[in-house]
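Commentary on secondary and tertiary structure
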Amino acid sequence: MAATSSSPLVPFRDGLARMILTKVAGPDPHAERSRVHDTAGPRWFAPDRPIRRVHGDASMFAGGLRALLLQSLHPLAMAAVAAHSGYRGDPWGRLRRTSYFLAITTYGAIPDAEEAIERVKSIHERVRGTSPGGVKYRASDPHLLKWVHVAEVDSFLLAHQQYGAEPLDAAEQDQYVEDAALVARKLGVIDPPTTVAQLQQVLEQYRPELRGTTEARQAARFMLLHAPVSWAARPAYGVLTAAAVGLLPSWTRLPLRLPYLPLAERTVVRAAGEGLTRTIRWALASPTLAQTGTEA
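Reference entry: report on the structure contained in this document. None of these values were measured; they are calculated from a predicted model.

1. Some remarks on the packing of aromatic side chains
Each aromatic ring pair is described using two quantities: the centre-to-centre distance and the angle formed by the ring planes. Summed over the entire model, instances satisfying the criterion amount to one aromatic pair. Arranged with centres 5.4 Å apart and planes meeting at 45°, the rings of W147 and Y206 form a pair that is tilted. Of this pair, W147 sits in helix α8 (residues 142-163) while Y206 sits in helix α10 (residues 196-206); the two residues are 59 residues apart in sequence, bridging distant segments of the chain. Comparing W147 with Y206, the two get one shared label, buried. Taking the ring centre of W251 as reference, the NZ or CZ of R207 above it sits at 4.0 Å. Taking the ring centre of W231 as reference, the NZ or CZ of R234 above it sits at 4.9 Å.

Encoded structure:
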């Protein structure tokens with residue numbers, strides 16, 4: 001999907017890229033990018049580490065949405081989100097904050113990454129309450145932190161293997177889980193998994209605690225059907241949500257009241273998801289944006 005500087009596709013490509021970047025990085029994405037990538041100093045992860053490849057790929061859009069849906073199945077995690085995150089009132093703000101945290105801890109200078117982690121830990125200390133089922137929770141609970149972590153890592157990795165430009169081989173997948181564990185430990189996760197096999201084992205250990213609560217189903221409906229997306233972007237967002245749901249395990253569908261159409265998900269949804277991911281990747285690689293200093 002090439003587009004030269006004189007191509008009529010250039011305005012469309014640049015407009016699409018700016019729309020995406022303002023959603024994930026705010027009104028001045030160039031300043032955010034510079035803050036992450038141009039600050040001098042050592043990084044936690046070398047340029048060839050798998051975490052940099054995974055977190056820099058357009059497949060993260062589907063992976064992030066899948067992670068939110070999967071995480072919602074833990075009643076205490078969902079209770080904390082419903083009571084404290086403000087995801088309905090400011091979903092794009094929440095997305096920008098999450099995107100910045102992932103970017104700064106993956107690519108940023110170590111002091112900036114450590115500052116971001118301390119900020120998140122401080123917020124977690126203040127997030128506590130009682131679930132609708134009468135169970136007390138606190139966001140700093142290492143057990144809840146581990147659930148959020150493994151759901152994210154599993155989702156990002158699965159989305160990358162399905163829709164990423166350069167899927168990881170088996171050794172690299174283990175390295176990605178190991179890379180992500182470094183950040184998880186600093187956030188307060190105790191003994192995070194460091195291989196894919198351990199990741200799957202931990203996910204399975206949480207299964208008895210998971211269920212579809214009213215809050216989880218309301219969050220899923222909001223994310224999939226009622227997110228504040230412009231009418232022009234709704235067809236693309238619909239493809240993204242279908243791709244994210246298609247990546248969920250079959251056992252999650254009934255608790256969240258989501259359809260399970262394996263044939264369609266393996267064919268139509270996968271093809272549409274691949275097409276959308278390629279389009280996002282193409283837009284964010286716009287040479288015009290690079291020339292004007294607003295690249296992704």
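Back to the text.
2. Digging into helix α7 (residues 110-126)
With 17 residues, α7 extends 25 Å from end C-alpha to end C-alpha; this agrees with the ideal 24 Å at 1.5 Å per step. Three or more residues of α7 are buried, namely A113, A116, I117 and H124. Taken end-on, α7 shows its buried residues confined to a sector of 100°, consistent with a single buried face. With respect to the buried face of α7, the exposed residues turned more than 90 degrees away are P111 and R126. Contacts from the buried residues of α7 go to α6 (91-107), α8 and α9 (170-187).

Cut-offs and rules
Residues numbered from 1 in each chain as written. Predicted model: local features only at pLDDT ≥ 70, side-chain atom pairs only at ≥ 80, totals over all residues. Heavy atoms only, no water. Phe/Tyr/Trp six-rings, centres within 6.5 Å; stacked < 30°, edge-to-face > 60°. Helix = DSSP H or I, 4+ residues; strand = E, 2+ residues; numbered from the N terminus. Buried < 20%, exposed > 50% of the residue type's maximum accessible area, 1.4 Å probe, protein only. Lys NZ or Arg CZ within 6 Å of the ring centre and 35° of its normal. Expected span 1.5 Å × (residues − 1). Arc of directions from axis to C-beta. Contact = heavy atoms within 4.5 Å.

Such coordinate-based values are descriptive only and should not be taken to indicate function.
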